[in-house]
Amino acid sequence: MSHTAHIPSHRKPRQRASKSALRAGVAGGVLSTIAVAGAAGPAQAEPVTQTIEMPTITSGLSTAVAASAQATQQVALDLEAQAHEDAAAESAAKTAKKAKAEAVRKAEAEKKAEAAAKARAEAEAKERAERASRTAERTTLSAPSSSSSGNSSSAPASSSAPSAPSSSSNATGSAAAIVAFAKAQVGDAYIGGGTGPNAWDCSGLVQAAYRTVGIDLPRVSQSQSTAGTQVSLDNLQPGDILYWGGAGSAYHVAIYVGGGEFVGAQNSSTGTVQRSMDYDRPSGAVRVL
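Residues numbered from 1 in each chain as written. Predicted model: local features only at pLDDT ≥ 70, side-chain atom pairs only at ≥ 80, totals over all residues. Heavy atoms only, no water.

Focus: the overall build of the protein
And then number 1: Within the protein, the regular secondary structure consists of 6 helices and 8 strands.
And then number 2: Split into buried and exposed, the 289 residues of the protein put 22% on the buried side.
And then number 3: Looking at the protein alone, contacts between residues at least 24 apart form 59% of all its contacts between residues at least 6 apart.
And then number 4: Carbon and sulfur atoms make up 59% of the accessible area of the protein, which amounts to about 19,300 Å² in all. (Helix = DSSP H or I, 4+ residues; strand = E, 2+ residues; numbered from the N terminus. Buried < 20%, exposed > 50% of the residue type's maximum accessible area, 1.4 Å probe, protein only. Contact = heavy atoms within 4.5 Å. Areas by Shrake-Rupley, 256 points an atom, 1.4 Å probe, with all protein chains shown as cover.)

Description of the confidence of the model for the protein
And then number 1: With 63% of its residues at a pLDDT of 70 or more, the protein shows a mean pLDDT of 77.
And then number 2: The least confident element of the protein is helix H3 (residues 150–160), whose mean pLDDT is 37; the most confident is strand S4 (residues 241–244), at 98.
And then number 3: Note that pLDDT drops below 50 for residues 137–169; the model gives that stretch 39 contacts with residues more than four away or on any other chain. (pLDDT = per-residue confidence, 0-100.)

Some details on unusual backbone geometry
And then number 1: Residues Gly-196 and Pro-197 are joined by a peptide bond in cis, for which omega reads 5 degrees.
And then number 2: When you line up the elements, Pro-197 lands in the loop between strand S1 (189–190) and strand S2 (199–200).

Side note on the sheet that holds strand S3 (residues 229–231)
And then number 1: Read across the sheet, 6 strands follow the order S3-S8-S4-S5-S6-S7 without closing on themselves; strand pairing throughout is antiparallel. Edge positions in the open sheet fall to S3 and strand S7 (271–276), since each of these has one partner strand only. Averaged over all neighbouring strand pairs, the angle between strand axes comes to 35 degrees, with direction disregarded.
And then number 2: Of the pairings in the sheet, the one linking S4 to strand S8 (residues 284–287) comprises 3 bridges and is antiparallel in character. When the sheet's bridge partners are listed, Leu-242 is paired in S8 with Ala-285. (Pairing = 2+ DSSP bridges. Axes fitted to C-alpha atoms, helices over the stretch in contact; angles between N-to-C directions.)

Examining the side chain of Asp-188
And then number 1: The topology assignment puts Asp-188 in the loop between helix H4 (173–184) and S1.
And then number 2: In this structure, Asp-188 is in contact with Pro-197, Asn-198, Trp-200, Gly-271 and Thr-272, ignoring residues within four places of it in sequence.

Examining the nonpolar core
And then number 1: Counting residues in each nonpolar core, the largest one holds 21 residues, and the members touching the most others are Val-206, Tyr-210, Ile-241, Val-253 and Ile-255.
And then number 2: Mapped onto this core, the elements with two or more residues apiece are H4, helix H5 (202–211), S4, strand S5 (252–258) and strand S6 (261–267).
And then number 3: The dominant element in this core, judged by the number of residues it contributes, is H5, at 6 residues.
And then number 4: Look past the residues within four positions of Ile-241 in its chain and what remains in contact with it is Val-206, Tyr-210, Leu-217, Gln-224, Val-253, Ala-254, Gly-284, Ala-285, Val-286 and Val-288.
And then number 5: In terms of nonpolar packing, the next biggest core, distinct from the first, is built from 10 residues, Val-231, Leu-236, Trp-244 and Tyr-256 among them. (Core = buried A, V, L, I, M, F, W, Y, C linked by side-chain atoms within 4.5 Å.)

Quick notes on the packing of aromatic side chains
And then number 1: Overall, the coordinates contain 2 aromatic pairs when judged by the stated rule.
And then number 2: Over the ring of Tyr-279 we find Arg-275, and its NZ or CZ is 4.4 Å from the ring centre. (Phe/Tyr/Trp six-rings, centres within 6.5 Å; stacked < 30°, edge-to-face > 60°. Lys NZ or Arg CZ within 6 Å of the ring centre and 35° of its normal.)

Some details on H4
And then number 1: The end-to-end C-alpha distance of H4, which contains 12 residues, comes to 17 Å, matching closely the 16 Å that a straight helix rising 1.5 Å per residue would cover.
And then number 2: If you check which residues of H4 are buried, you get Ala-175, Ile-178, Val-179 and Ala-182. Angular distribution of buried residues about the axis of H4 spans 95 degrees; they occupy a single face of the element. Projecting away from the buried face of H4 at angles above 90 degrees are the exposed residues Gly-173 and Ala-184.
And then number 3: At its buried positions, H4 is contacted by H5, S5 and S6. (Expected span 1.5 Å × (residues − 1). Arc of directions from axis to C-beta.)

Here we look at the pattern of salt bridges
And then number 1: One pass over the structure, following the stated rule, counts 5 salt bridges.
And then number 2: Glu-90 is the partner of Lys-94 in a salt bridge, and the nearest nitrogen-oxygen pair spans 3.6 Å. Residue Lys-94 and its partner Glu-90 are both found in helix H2 (residues 58–147); the two are separated by 4 residues, about one turn of the helix.
And then number 3: Taking relative accessible area as the criterion, Lys-94 reaches 55% and is therefore assigned exposed.
And then number 4: One salt bridge in this structure joins Arg-219 and Asp-201, with 3.1 Å as the shortest N-O distance. Of this pair, Arg-219 sits in the loop between H5 and helix H6 (221–224) while Asp-201 sits in the loop between S2 and H5; the two residues are 18 residues apart in sequence, bridging distant segments of the chain. (Salt bridge = Lys/Arg side-chain N within 4 Å of Asp/Glu carboxyl O.)

Shown next, in the form of structure tokens:
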């Protein structure tokens, strides 16, 4: 037997693991209960001496808002620029259309003016041809009469006498003034639309002659051929207006100055002349005085 066998051991017997786990669980539950109770119970909170700043998110938001505003402004500027371009294009189109219309109008006016000038030239050429033809006819007809007896030769003279019932020396008053003005223009040039003082057309000369005595006649020959009382070519007086063509549609006028003669602005070839009525027999006459 060992010498230590009779000494009892002071070491506590080892507890089993299950009991230790049970005790630990109980202790943990107690501590948890105490902790919950302490948290639920009133506690003396210490005063707050420091604030904690939360992280800011406004910087990113403001950047996004600024970008959106800038984009919106750019869109507005683009729309405004487009509107200006559209307005400019519309204005240019209107200007071009107006210019085209004006060009067409001018072209038509020029065409009409050319046609009128051509018509006047043709009328003058026709008038000269007709006068030449009548002159040739008169020359042919007068040849036999020159070889006839005195009685027979005097017959045409007596028959033509009524064409010159009075002479310019018999004109008085306003008629004398009109005749004197007309004779003073003999030798002046003829020009279409001419109203003096050194170039005339037929109606311009007649109008100016009557204006010297305070009478305003219409401007054109058509109107002047109906401006007074129609008189026979056998009963003319100085100052009467002679016309060629129809009354109201006359193409030429002149002033009877007596003695079977007239003064008129004939054409661009002859200018203003004093001629016998046999040179170009008028169609009719009107008396204004």
